[in-house]
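Descriptive analysis of the structure
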Number of protein chains: 2
Amino acid sequence: MTDPRLTPLAASLPDLVPFVGPETLERRMDRAFTARIGANESVFGPAPGAIAAMQEAARDAWMYGDPEAHELRHAIAAHHGVDPGHVRVGEGIDGLLGLLVRLTIGPGDWVVTSKGGYPTFDFHVTGFGGRIEQVPYEADRVDAKGLMERAAWSGAKLVYLANPDNPMGGMHDATTIQEMIETLPDGALLVLDEAYVEFAPEAELPRIDPADDRVIRFRTFSKAHGLAGARVGYAIGPKPLIAAFDRVRNHFGLTRMAQAGALAALADRAHLSHVVTEVARARARIAAIAHDNGLAPLPSATNFVAIDCGADGAFAKRVVAALGDLGVFVRMPGVAPLNRCIRVTAGREADLDVFAQALPRALETARAAP
Amino acid sequence: MTDPRLTPLAASLPDLVPFVGPETLERRMDRAFTARIGANESVFGPAPGAIAAMQEAARDAWMYGDPEAHELRHAIAAHHGVDPGHVRVGEGIDGLLGLLVRLTIGPGDWVVTSKGGYPTFDFHVTGFGGRIEQVPYEADRVDAKGLMERAAWSGAKLVYLANPDNPMGGMHDATTIQEMIETLPDGALLVLDEAYVEFAPEAELPRIDPADDRVIRFRTFSKAHGLAGARVGYAIGPKPLIAAFDRVRNHFGLTRMAQAGALAALADRAHLSHVVTEVARARARIAAIAHDNGLAPLPSATNFVAIDCGADGAFAKRVVAALGDLGVFVRMPGVAPLNRCIRVTAGREADLDVFAQALPRALETARAAP
């Protein structure tokens, strides 16, 4: 039953949600996961100074957070060497993507994305009545050229690209991204989701002029900075577009603890290096575990590794379920042919010990299924 | 300059924001306020257990918060004696109001509210292209009958009412609210913002069936629970409408710290009683300070007192500015005739000492102005 007061658009929306949280799965199983390596969270935690800053801010939680997130916004701008007018902070990339879609997409407007790419972008586009053109991956990588061709063909207003990519883990180098920008159709905007960028080789990252009105970039404190539970992301882009976020955002939405934690996290470059090193080590071990089990790990520039389970989506789904039964939380891509893979987040040694023990048993279970 | 890719609606929106934060004012003045009693925050702070819970949760900030806020939602439902299907938790009432407006209001749809009422509701309605009918206050109270008449006349989908009221502080009793519900035109929804309800006399509060499909209520942890900086609010209403929030909300938007803090705050009834007592004491003192200065305090069922400064909006604006210069942050209603008042939040003894000292000087300054 839907409420008769919903708008026609709201009434038409599906009840599906982009992701089921691990807590929901734990409630269904009635026990906790032993290894939580499925949501690309940073098991290595936030910087100690970020925890301390949030704990200190908790005492002041009676005050609203600064609606302009002035200190954090200016620190981010300084970090990137850009004018603060190019930066807006918000409730994670998810929240900011929703605002961008709201600002630019009305009923019938087209966007282009990759088939099997980040579902939350699609969730927002559908939520505002937009139409989605999905370009299949090419050899497990986003088809950069295909995205641009489809954008020209459809007259898309937004072209979404996660680089490095989620859920497959690969990336395109600076030259390819620059070519995408140069071939972007007039009137379109490249939405560059750089959630995992800190894990990628610095030399391969594009240098993008923040004033370039063809591109908006998104970054987050949820991944390398280990603050997924604080929900802080930011957008960098041309000033008129960035300023428009103020017209629609939840001005007091960023918590006081989140602002303090992100500010401290940004300042601790040593912790970030430590995390990046640990993640690289974990990726190598996940790849080795995959090989040990006769599976093929995909190259990754992120904090996770997609592992090709060598069969179809139904098989991979059984592997994910069997791993879950053994206390290991992992996820998998949603559509073929990507869904022959499972996606394993970089864990601590102990997490990966659990995974290494569970994987052969999970594969056995999956293979034994009718 | 606006970005050419904005939707016509987004391009038409004003750059105005509902509220300027006290931090922004402090940056302009280049010094901090001595008494922060302008945003109806709870200077008495959150429960010690809520602070401790947030500090503990900060250690786990690498994990996303539960997207279903399961524990908190169930605790709220139990607290109100309702089925959890009637409850959704979100990023403050502001965030939830935005989602409700998105779900129900499209371009050209009407809403009815009070002239000079909560500007963030109007911000959301304008943001989704809705049209706003504003009913003037009647003797400094919301015109309950007038709202219903105008709703019938305009075919409004939403009728907004803050009870107790912000910014004037008064309230309508249970009988009046029930009459509003009974006379609500078919197809309309009463949006009952109960942000300040914990400060109101229990006996005067309406008993509303959560399944009544004519009403949605909003409550918050930002006021009596002292967690404005954590941004947690919730909606109680008919299940089909409540379920629809899942179609459009930022599922991982509620932080881990916020969920933990709100859960602990809800459990500490003793702290809540303490705050309510302190607020009543502070209201009485604010009223006394007003009388001492020849001004008329308005009756309040909230954590603030509107003080009639006895002249026009320009005069009250000068009083607010002069108080600011003296280190006292207060706000005032935005439109005539309400804007003859200033709005002072319940403060600690020390805050109100500062206010008591500053007010006569601020009035002098305001009266001396050309």
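Above: the structure in question.
Residues numbered from 1 in each chain as written. Chains lettered and ligands numbered in written order. Predicted model: local features only at pLDDT ≥ 70, side-chain atom pairs only at ≥ 80, totals over all residues. Heavy atoms only, no water.

1. Some thoughts on the interface of chain A and chain B
For clarity, the threshold we go by: The contact rule is simple, with two residues in contact once any of their heavy atoms fall within 4.5 Å. By definition, the buried area sums, over both parts, the 1.4 Å-probe accessible area that each loses when the two are put together. Salt-bridge detection follows one rule: a side-chain nitrogen of Lys or Arg within 4 Å of a carboxyl oxygen of Asp or Glu. Think of a polar contact as two N or O atoms within 3.5 Å of one another; within protein, one of them needs to be a possible hydrogen donor and the other a possible acceptor, and neighboring residues in sequence only count if both atoms come from side chains. Each helix is a run of DSSP H or I of at least 4 residues and each strand a run of E of at least 2, with the numbering of both proceeding from the N terminus.
With 78 residues of chain A at the contact, the number on the chain B side is 78 residues. Interface area for chain A against chain B, summed over the two sides, is near 6,800 Å², with a carbon-plus-sulfur share of 58%. Of all residues in chain A, the largest losses of buried area upon contact with chain B belong to A:R5, A:W62 and A:R247, amounting jointly to 15% of the total for that side. Put simply, A:R27 and B:E68 hold a salt bridge, and the shortest N to O gap is 3.5 Å. Taken together, the links from chain A to chain B amount to 45 residue pairs in polar contact (both at pLDDT 80 or more). Contributing elements (two or more residues each) for the side of chain A that touches chain B: α1 (8–12), α2 (22–29), α3 (48–59), α5 (92–104), α6 (119–127), α9 (239–244) and α10 (256–267) of chain A.

2. What to know about the side chain of A:R249
Residue and element names in this part refer to chain A. Just so we agree on the cut-off: A simple rule labels every residue: compare its accessible area, found with a 1.4 Å probe on the protein chains alone, to the largest value its type can have, and call it buried under 20%, exposed over 50%, or partly exposed in between.
Secondary-structure assignment places R249 in the loop between α9 and α10. With a relative accessible area of 11%, R249 lands in the buried category. Only 2.8 Å separates the side chain of R249 from the backbone oxygen of P67, close enough to count as a polar contact.

3. Some remarks on the packing of helix α11 (residues 269–292) of chain B against helix α13 (residues 349–368) of chain B
All names here are of chain B. Note the cut-off: Here an angle of 0 to 180 degrees is reported between the N-to-C directions of two axes, which are lines fitted to C-alpha atoms, with helices fitted over the stretch in contact. Angular relationships are summarised with four words: roughly parallel below 35 degrees, roughly antiparallel beyond 145, roughly perpendicular across 65 to 115, and oblique for the angles in between. Polar here means any residue outside two lists: the nonpolar Ala, Val, Leu, Ile, Met, Phe, Trp, Tyr, Cys and Pro, and the charged Asp, Glu, Lys and Arg; Gly therefore counts as polar.
Between α11 and α13, the shortest axis-to-axis distance is 10 Å and the interhelical angle comes to 10 degrees. Taken together, the axes of α11 and α13 are roughly parallel relative to one another. Counting all contacts with α11, which are made through R281, A282, R285, I286 and I289, the residues of α13 involved are E349, L352, D353, F355, A356 and L359. Looking at the contact of α11 with α13, its residues break down into 7 nonpolar, no polar and 4 charged.

4. Comments concerning the relation of the copies chain A and chain B
Selection criterion: Only residues with pLDDT of at least 70 in both copies count here: their C-alpha atoms drive the least-squares fit that superposes the copies.
Aligned on chain B, chain A shows an RMSD of 0.0 Å; the corresponding rotation is 180 degrees and the shift along the axis is 0.0 Å. Such a combination of turn and shift is consistent with a two-fold rotation axis. Within chain A, A:Q55 has its C-alpha nearest the rotation axis, a separation of 2.3 Å. Both copies contact each other with a shared surface, as 100% of the interface residues of chain A are interface residues in chain B too.

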